[in-house]
Amino acid sequence: MREIAAQEITDVIEELCVEANRVLPADLERLIGERAGEETGEPARAILCDLCRNLDAAREMAIPICQDTGMAVVFAEVGQEVHIQGDFEAAVNEGVRRGYVDGLLRCSVVQDPLRRGNTGDNTPAILHTRLVPGDRLTLTVAPKGFGSENMSRLKMFTPAASPEDIVAFVGETVELAGANPCPPIVLGVGIGGDFELCAMLAKKALCRDVSLRNPDPYYAALEERMLAAANATGVGPQGFGGDTTCLAVNIEAYPTHIAGLPVAVNVGCHVTRHKTVVL
């Protein structure tokens, strides 16, 4: 049995909150630069170049890459041979509190969804915990801004729905979103499970390297079809038109009931942020 102190978890979560908000994953930053070079429209190319300069400035000045530093979403894969000394959830939230308050990140969480009232420290986090084999603890922090989150959709298809129907749903989601999620966007798509699991799968999909396709060739091909449908909308960078509306589509699939076909599309902005540490 391996012991991990709650204080160590707090320290790591604090660091992840700050770093994820300041530095975009290298694969996504590289993709934005590549698309800037491929854009055929001058306004779209100029906007993508501006986005690249913004990423450079944030890194050089040690400031957030976006003013909306998001709600902290934490994925924790806890090895079955790990014993956490202390309150795990409290340790995560303390790390978020320190990261946002001491790291001078914008605190955007309200205490109650209807009566509002800012909590003042961006807690509580959204915490997804999963037990896995081994003696390691993997922590991923994915700050999620709500300009993109608000454009996300979920639909309970019937089993009669075809892949074409699902691709059309993804394209419609992008078209309805327009400029609101600050394109170019990244799409996480969850297919299967049930109502809540397909939404979690879509969020988890946003944490996958955008250069990696689904390991199942069937779903990898479907990712490419969805990407083409999203870019065919012509929304373009920041909604001004162009070739690059969407940078990548990542699908996560799970078995489902014979009577259903849940599909969730979680929209990520051009700064789809996440950072992982393994303890």
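A few points on the structure. Position labels on residues start from 1 in each chain and follow its written sequence. Local features in this predicted model are restricted to residues of pLDDT 70 or higher, and side-chain atom pairs are both shown and tallied only at a pLDDT of 80 or more, whereas totals for entire chains, interfaces and linings draw on every residue. Where side-chain values are given, they derive from all heavy atoms of the structure, hydrogens and water being excluded.

1. Concerning the packing of aromatic side chains
- Each Phe, Tyr or Trp ring, with Trp reduced to its six-membered ring, pairs with another whose centre is within 6.5 Å; inter-plane angles below 30 degrees give stacked pairs, above 60 give edge-to-face pairs, and intermediate values give tilted ones. The full count for this structure, using the stated rule, is two aromatic pairs.
- Seen in terms of ring centroids, Phe157 and Phe169 are 5.6 Å apart; in terms of plane orientation they differ by 85°. Their pairing is edge-to-face. Of this pair, Phe157 sits in strand β8 (residues 153-157) while Phe169 sits in helix α6 (residues 163-177); the two residues are 12 residues apart in sequence, bridging distant segments of the chain.
- Only protein chains enter the accessibility calculation, which uses a 1.4 Å probe; a residue whose area is less than 20% of its type maximum is buried, one above 50% is exposed, and one in between is partly exposed. Phe169 gets classed as buried once you look at its relative accessible area, which sits at 5%.
- With centroids separated by 5.2 Å and ring planes inclined at 90°, the aromatic side chains of Tyr218 and Tyr219 adopt a geometry described as edge-to-face.
- Relative accessible area serves as the criterion here: at 21%, Tyr219 is assigned to the partly exposed category. Secondary structure is summarised from DSSP: a helix means a run of H or I of at least four residues, a strand means a run of E of at least two, and numbering begins at the N terminus for each.

2. Digging into the packing of α6 against helix α8 (residues 217-231)
- Whenever a helix is involved, its axis is fitted only over the stretch in contact; in every case the axis is a line through C-alpha atoms, and angles between N-to-C directions fall within 0 to 180 degrees. Two numbers describe how α6 lies on α8: the axes approach to 9 Å, and their chain directions differ by 40°. Between α6 and α8, the interaxial angle falls into the category oblique. Remark: the crossing between α6 and α8 carries right-handed chirality. Mapping the contact onto sequence places Pro163, Glu164, Ile166, Val167, Val170, Gly171 and Val174 in α6 and Tyr218, Leu222, Arg225, Met226, Ala229 and Ala230 in α8.
- Within the contact of α6 with α8, the residues separate by chemical class into 10 nonpolar, one polar and two charged. An angle below 35 degrees is read as roughly parallel, one above 145 as roughly antiparallel, one from 65 to 115 as roughly perpendicular, and any other as oblique. For any helix crossing, the convention is left-handed if the near helix is rotated counterclockwise from the far helix by under a right angle, and right-handed if that rotation is clockwise. Here, residues are in contact when the closest pair of their heavy atoms is within 4.5 Å. Residue polarity is assigned by list, with Asp, Glu, Lys and Arg as charged and Ala, Val, Leu, Ile, Met, Phe, Trp, Tyr, Cys and Pro as nonpolar; anything else, Gly included, falls into the polar class.

3. Structural notes on the state of the cysteines
- Criterion for a disulfide: a pair of cysteine sulfur atoms within 2.5 Å. Overall, the coordinates contain zero disulfides when judged by the stated rule.
- Cys246 takes part in no disulfide bond, and the closest cysteine sulfur to it belongs to Cys269, at a distance of 12 Å.
- The thiol of Cys269 is unpaired, and the distance to the nearest cysteine sulfur, on Cys66, comes to 5.8 Å.

Note that every value here comes from positions in space, so none of it alone points to a role or purpose.
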